[in-house]
Amino acid sequence: MAFLEIDQLSAFYGKARALSEINIDVEQGDIIAIIGANGAGKSTLLDSILNLTQTQGDIRLEEKSLTDLPRSKIVGCGVGYATERFNLFPYMSVQDNLLVGAFTARDTIEQNLSLVYKLFPRLQERKKQESGTLSGGERQMVSLGRALMTSPRLLLVDEPTIGLAPRVCVDIAAALRRLNEETGLTIVITEQNVNFATRIAKYLYVLETGKVQMSGTTDELTSNNELIEAYFGQ
Amino acid sequence: MTGISWRHVALWAVFIIFMLLLPEMVSKGTLRTVIFANFLAIFAISWDVISGRTGYISFGHPFLIGIGAYTTAILSYRFGMPVGLSIPLAVCVTMVAGTLFFLPALRVKGSYFALVTLAFMELMYQLVQVIRPDLTGGTRGMSGVTTLARGAVNNYYLSFGLMIVIAVSMWVLMKTRFGTALSAIGMNEESVRGSGLSTTRLKLFAFMVSAMVAGLGGAFYVHYLGSIAPRALFDINFVFTIIVAVLIGGASTIVGPMLGAFFLTFLLEYLRPYLPGAERYFIYGSIALVIYMYQPKGLYEIVMQQWRKYRVVKAGET
């Protein structure tokens, strides 16, 4: 049994179908990346795990079904969600932004806070600064930090590099890899930036119009001419 | 709990001591103005807890204030219940009404929520006139309601005591993670949900707290005035005065609404000899607009900016 099992998952916005019968297995301690263009359904897939959309099918974390659980329970089960960086609380300090994530993991606040500051020392320097005044990369760090404050065992990260400078993308990739290596955290990332995804993920899933078109290890897919042509433009 | 320092405690202490000594320094006429400022501050704080924090703008706050005021007035005046019992009961009833007030927030947001709350106030205005006028006093309301204290000084201390207890408790409550979460809801409710928090529970608690404060304020206000009239209470100008007090002072700060309430009450009072009619409201509206355009975060932020500048200068000197 895989750590996270997504079984025949379909998602809907009203009558419109956004995902069709998705099957994904994630082993504990792995980093996987869901890649695809805009509108492929990547964010919908992560939203579905958090029960933010209307779904059919099943999602299980360590064999426990998440599909009918309220969001607070899902987060309580150990699912942390780093949404796009635009979803911060702009007039609140960096530290308060992080503490909002700590409501469901009150016993480990200090421990989680020191983990976040260790991963992103820049956030500690700016902990009293309003998050709305941070740069794009720093906001992304706050978004990741807030998800880590929930004490996750599974971290979902939605397009962490969108609109960021290449140098910042490298920093984010290094932080995620370090997090995975040091804590054994399982990470699911959605990305359009294939270079970034292949740099950190062990497995890739290619999503197109709500369906998984290709999947495999990073090595397998990066040697796949079809994928290279579609996403690397070579 | 985050961000409470000895400096905050000292500032509150200085403010309380100053206000306790105020009757020795000003006339009784001024004290009566301060009494109204105290009550406006209570109503503004109540509004701030819901609307300033969560962003659910209420145009119907007099609905909650009115329930508190009418309940204690009816119980004490019509049924002879001691005020010591009728006020807590009125607060409980207002909190139940607060739950009712909360229901639209489950489905609607923004301007729709504001309109629904306005409808609540209008409904209450019509109901108190039509349903059991023998109890509510109908369109005329009630006069001769028991007063709690006599004279400007006693009433001042009573209203100030109530205001300061409410203000400090709300200020401390908003410094907890509950307050942080409410502010977060106001900025990005979806994101709060994504962090695993039940925004429904948080909002319900905020509405109950706000209703409790509105009920307390309304109940004490009617026992200060000794009368209640639906036209004065369920009036759109009353709503705007509460909202403007919060916006001028600084929403989502607790201290801001207090500042705004005092500023507004004294502004209107000092304009009275020069502009006795409705022109006063034009002037106060203009001043509010200028302050709001200059600093949308209100007087509180203006004071804080000066304080920060002072600290920078001080640090430069040393």
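Residues numbered from 1 in each chain as written. Chains lettered and ligands numbered in written order. Predicted model: local features only at pLDDT ≥ 70, side-chain atom pairs only at ≥ 80, totals over all residues. Heavy atoms only, no water.

With that settled, the discussion passes to the interface of chain A and chain B. Each side of the interface is counted separately: chain A has 26 residues, and chain B has 18 residues. Here chain A and chain B share an interface that buries about 1,700 Å² over both sides, 66% of which is from carbon and sulfur atoms. On the chain A side of the interface with chain B, the three residues burying the most area are F89, V100 and F103 of chain A, jointly 31% of the side's total. Residue K297 of chain B is joined to E130 of chain A by a salt bridge in which the shortest nitrogen-to-oxygen separation is 3.4 Å. For the side of chain A that touches chain B, the elements supplying multiple residues, two or more each, are α2 (71–76) and α3 (94–100) of chain A. (Contact = heavy atoms within 4.5 Å. Buried area = accessible area lost by both parts, 1.4 Å probe. Salt bridge = Lys/Arg side-chain N within 4 Å of Asp/Glu carboxyl O. Helix = DSSP H or I, 4+ residues; strand = E, 2+ residues; numbered from the N terminus.)

Looking now at helix α4 (residues 109–119) of chain A. Those residues of α4 of chain A not exposed but buried are I109, N112, L113, V116, Y117 and L119 of chain A. For α4 of chain A, the angular spread of the buried residues around the axis is 165°, confining them to a single face. Summarising the geometry of α4 of chain A, the exposed residues directed more than 90 degrees from the buried face are E110 and Q111 of chain A. Its buried side turned inward, α4 of chain A meets α3, α5 (121–125), α6 (136–148) and α7 (166–183) of chain A together with α8 (177–187) of chain B. (Buried < 20%, exposed > 50% of the residue type's maximum accessible area, 1.4 Å probe, protein only. Arc of directions from axis to C-beta.)

Turning our eyes to something else, we now look at the packing of aromatic side chains. Residue and element names in this part refer to chain B. Summed over all chains, the structure comprises 24 aromatic pairs over all chains. Ring geometry for F101 versus F207: centroids 6.4 Å apart, planes at 55°, classification tilted. You can see F101 sitting in helix α4 (residues 83–102) and its partner F207 sitting in helix α10 (residues 199–225), a full 106 residues away along the chain. F101 sits in the buried class, given a relative accessible area of 0%. Note on F207: relative accessible area 1%, which makes it buried. Among the aromatic residues, those joined into a cluster by ring pairs are Y56, F63, F101, F102, F113, F120 and F207. (Phe/Tyr/Trp six-rings, centres within 6.5 Å; stacked < 30°, edge-to-face > 60°.)

Moving on: the pattern of salt bridges. All names here are of chain A. On inspection of all chains with the given rule, the structure shows 18 salt bridges over all chains. Close ionic contact of D58 with R60 constitutes a salt bridge, the shortest N to O distance being 2.8 Å. Shared partners join several salt bridges into a network, and the residues in it are E5, D7, D58 and R60.

Along any regular strand, the residues point their side chains to alternate faces of the sheet. Residue and element names in this part refer to chain A. Within strand β1 (residues 4–13), 7 of the 10 residues are buried, leaving the element largely enclosed by the surrounding structure. Between β1 and strand β2 (residues 16–26), which pair antiparallel and follow one another directly, the connecting turn spans 2 residues, one of which, G14, has a positive phi of 65°. For β1 and strand β4 (residues 54–61), the ladder comprises 7 bridges, and the chain directions are antiparallel. If you follow S10 over to β4, its bridge partner there is Q56. (Pairing = 2+ DSSP bridges.)

Looking now at the sheet that holds strand β8 (residues 186–191) of chain A. All names here are of chain A. Sheet architecture is open: 6 strands sit in the order β6-β7-β8-β3-β9-β10, paired in mixed fashion. The strands lining the two open edges of the sheet, one partner per strand, are β6 (79–82) and β10 (211–217). Each strand of the sheet is rotated relative to its neighbour by a mean of 15°, with strand direction disregarded. With 4 bridges joining them, β6 and strand β7 (residues 154–158) adopt parallel strand pairing. Following the sheet pairing, V79 is matched in β7 by L154. Against the sheet, helix α1 (residues 42–49) makes contact with β3 (31–35), β6, β7, β8 and β9 (203–208), and its axis sits at roughly 150° relative to β7, the strand it touches most. Strands β6 and β7 of the sheet are contacted by α6, whose axis makes an angle of about 165° with β6. (Axes fitted to C-alpha atoms, helices over the stretch in contact; angles between N-to-C directions.)

Let's shift gears to the sheet that holds β1 of chain A. All names here are of chain A. Spatially, β2-β1-β4-β5 is the arrangement adopted by the 4 strands of the open sheet, whose pairing is antiparallel. Looking at strand neighbours, the two that pair on one side only are β2 and β5 (64–65), the edges of this open sheet. Pairing of β4 with β5 involves 2 bridges; the strand directions are antiparallel. What sits directly across from L61, in β5, is K64. Contacting β1, β2 and β4, α1 crosses the sheet at an angle of about 110° to β1.

We now examine the confidence of the model for chain B. All names here are of chain B. For chain B, the average pLDDT comes to 90, and 99% of its residues sit at 70 or higher. Mean pLDDT in chain B bottoms out at helix α14 (residues 279–294), which sits at 82, and peaks at helix α7 (residues 152–175), which reaches 96. Predicted complex, confidence summary: ipTM 0.76, pTM 0.83. (pLDDT = per-residue confidence, 0-100.)

Residues and elements named next belong to chain A. With phi around 70°, E63 is a residue other than glycine that occupies positive phi space. Of note, E63 is situated in the loop between β4 and β5. According to the relative accessible area criterion, E63 is exposed, its value standing at 55%. At S151, a position not held by glycine, the phi torsion is positive, near 55°. Considering the arrangement of structural elements, one finds S151 in the loop between α6 and β7.

Further remarks concern the packing of α4 of chain A against α7 of chain A. Residues and elements named next belong to chain A. Relative to each other, α4 and α7 sit at 135°, their axes nearing to 10 Å. Classified by the interaxial angle, the pair formed by α4 and α7 is oblique. The interaxial crossing formed by α4 with α7 has right-handed handedness. When α4 is examined against α7, the residues L115, K118 and L119 are found in contact with a partner set consisting of A175, R178, L179, E182 and T183. Looking at side-chain class alone, the contact of α4 with α7 contains 4 nonpolar, 1 polar and 3 charged residues. (Parallel < 35°, antiparallel > 145°, perpendicular 65-115°, else oblique. Left-handed = near helix turned anticlockwise from the far one by under 90°. Nonpolar A, V, L, I, M, F, W, Y, C, P; charged D, E, K, R; others polar.)

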